[in-house]
Amino acid sequence: MGMNDFIQFFRGMGGKISSNVLAGMQGQTSAQSISFLRQLEKEVRQKDDLSCPLHELEVVVFDIETTGFHPDKGDRIISIGAVKIKGTSFSQEDTFYSLIKNESPLSPQISTLTNITDEQLQDAPEAREILLKFYQYISSRILIAHHSKHEQSFMQKITWELMKTRFQHRIIDTSFLTNLFNPVSQTQPLEQLCEECGINTAGRHHALGDAIMTGRLWAHYLQMAMDAGYRNLGDVYSEIAKQR
C-alpha cells in the first residue's frame with residue numbers, strides 16, 4: 001500500500017485525522033506510516049457507541065464468503081458484502097460488494113455453495129485494494145455479523161497480513177440482540193431466523209445477499225429491543241450481565 005492509499009484510508013475514517021497528522025504522514029516512509037495507523041485507529045474507537053440511542057445507532061452489517069473455515073490454515077476471503085444501517089433504516093443502494101482475487105482453485109463445494117467460479121476470482125481486484133475500500137466504507141462504525149467469530153478471525157488475519165496492524169473494530173454478533181427474545185438463536189442458521197421473522201432469504205450464500213438478510217434481522221430485533229424499553233447498547237450489555 002502506497003502513502004497516498006494510507007492518506008485516503010485515514011481521510012475515510014470519519015474525519016478524525018488532523019491536518020497536522022496527515023502532513024506528518026506525507027513525510028514518513030511506508031513503514032513509519034504503519035505506526036501512525038496503529039495510533040490513529042485508537043482515536044477512531046474513542047466513539048461512545050454504548051450510550052448512543054438505538055434509533056440513532058449507525059452500524060455496518062457485513063458478510064464474507066471464504067475458501068474454507070480456517071484462516072490459520074490458509075483459507076482466504078473471496079467476497080465481501082456490507083450494508084449501512086442507522087437505527088432500523090437502511091438503503092439497499094448504499095451497499096458494498098466485491099469479489100477478491102484468488103489464484104488457488106476453489107473446492108467444488110465452495111464453488112457450488114457460493115456460485116463463484118475460479119475465473120471470476122482470477123479477474124477480481126487484489127485483496128489489498130478491496131480491504132482499503134472496505135475500511136473507507138465502514139469508517140468508524142460498529143460492525144454486525146451473524147456467527148461473527150468467522151468474520152472476525154478472517155478480518156484479523158487479512159488486516160495483519162496487508163496492513164501489519166491489528167483489526168480493532170468492534171464486531172457485535174446478531175445473537176447479542178436475538179438472545180434477548182430467543183435464547184436458542186445463537187445456534188440457529190441465518191435463514192431459519194430470517195424465516196421466523198418473515199424476512200426474505202433469497203440470495204443466501206452471496207456476501208451482499210447475506211449482509212442484507214443479516215441487516216434486516218438486526219433491524220427487526222433492534223425494533224423489538226426499543227419496544228421493550230432498551231435505550232442503548234449499554235442497556236443491553238447490562239441485561240446480559242444480569243443473566244450470567
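Presented here is a report on the structure given in the accompanying data block. Just so it is clear, the structure is predicted and the values come from calculations on it, not from any experiment.

Overview of helix α10 (residues 207-227)
For α10, spanning 21 residues, the distance from its first C-alpha to its last is 30 Å, which sits close to the expected 30 Å at 1.5 Å a residue. Of all the 21 residues making up α10, 15 are buried; the element is thus mostly covered by neighbouring parts of the structure. Taken from the residues just after α10, Gly229 is the one with a positive phi, measuring 105°.

Concerning empty space enclosed by the protein
Enumeration over the complete set of coordinates arrives at one cavity of 30 Å³ or more. The volume enclosed by the largest cavity comes to roughly 50 Å³. As for the largest cavity, its lining consists of Ile77, Ile80, Ile100, Ile130, Leu131, Phe134, Met155 and Ile158. Those elements giving two or more residues to the lining of the largest cavity turn out to be β2 (77-86), α6 (127-138) and α7 (148-163). Among the residues forming the lining of the largest cavity, the class breakdown is eight nonpolar, no polar and no charged.

Remarks on the packing of aromatic side chains
Describing an aromatic ring pair means giving the distance of the ring centres and the angle of the ring planes. Scanning all chains against the criterion turns up five aromatic pairs. One aromatic cluster is present, built from ring pairs that chain together Phe62, Phe96, Phe134 and Tyr137. Over the ring of Tyr137 we find Lys84; its NZ or CZ atom is 4.5 Å from the centre of that ring. Arg166 extends its terminal NZ or CZ atom over the ring of Trp160, reaching a point 5.4 Å from the ring centre.

Structural notes on the sheet that holds strand β5 (residues 171-173)
Taken in spatial order, the five strands make up an open sheet running β3-β2-β1-β4-β5, and their pairing is mixed. Edge positions in the sheet fall to β3 (95-99) and β5, since each of these pairs with one other strand and no more. The mean angle between the axes of side-by-side strands here comes to 25°, regardless of whether they run parallel or antiparallel. When strand β1 (residues 58-66) meets strand β4 (residues 142-145), the two strands line up parallel, connected through three bridges. Residue Val59 lies in a different strand from β4, and its bridge partner there is Ile142. Sheet strands in contact with α7 are β1, β2, β4 and β5, and its direction is about 80° off that of β1.

Observations concerning the layout of surface pockets
Its volume calculated, the largest pocket comes out at about 330 Å³. In terms of lining, the largest pocket is formed by 17 residues, of which the most central are Asp63, Ile64, Glu65, His150 and His205. Where the lining of the largest pocket is concerned, the elements lending two or more residues are β1, α4 (108-114) and α7. With four residues, β1 is the single largest residue contributor to the lining of the largest pocket. Of the residues contributing to the lining of the largest pocket, the split by class is five nonpolar, seven polar and five charged.

So, the packing of α6 against α7
At a minimum axis separation of 11 Å, α6 and α7 run at an interaxial angle of 115°. Considered as vectors, α6 and α7 are oriented roughly perpendicular to each other. The chirality of how α6 crosses α7 is left-handed. Residue-level contacts link Ala127, Arg128, Leu131, Leu132, Phe134 and Tyr135 of α6 to Met155, Ile158, Thr159, Leu162 and Met163 of α7. Its residues assigned to classes, the contact of α6 with α7 shows nine nonpolar, one polar and one charged.

What to know about the pairing of β4
The side-chain alternation of β4 yields two buried faces, one formed by Ile142 and Ile144 and the other by Leu143 and Ala145. For β4 and β5, the ladder comprises three bridges, and the chain directions are parallel. Looking across to β5, one finds that Ala145 is bridged to Asp173. On the question of chirality, the crossover connecting β4 to the parallel β5 by way of α7 is right-handed.

What counts as what
Residues numbered from 1 in each chain as written. Predicted model: local features only at pLDDT ≥ 70, side-chain atom pairs only at ≥ 80, totals over all residues. Heavy atoms only, no water. Helix = DSSP H or I, 4+ residues; strand = E, 2+ residues; numbered from the N terminus. Expected span 1.5 Å × (residues − 1). Buried < 20%, exposed > 50% of the residue type's maximum accessible area, 1.4 Å probe, protein only. 1 Å grid on protein atoms, 1.4 Å probe; cavity = no way out; pocket = protein on both sides within 12 Å on 5 of 7 lines; lining within 4 Å. Points joined across faces, edges and corners; volume = space filled by probe spheres on them. Nonpolar A, V, L, I, M, F, W, Y, C, P; charged D, E, K, R; others polar. Phe/Tyr/Trp six-rings, centres within 6.5 Å; stacked < 30°, edge-to-face > 60°. Lys NZ or Arg CZ within 6 Å of the ring centre and 35° of its normal. Pairing = 2+ DSSP bridges. Axes fitted to C-alpha atoms, helices over the stretch in contact; angles between N-to-C directions. Contact = heavy atoms within 4.5 Å. Parallel < 35°, antiparallel > 145°, perpendicular 65-115°, else oblique. Left-handed = near helix turned anticlockwise from the far one by under 90°. Right-handed = clockwise from strand over helix to strand, strands pointing away.

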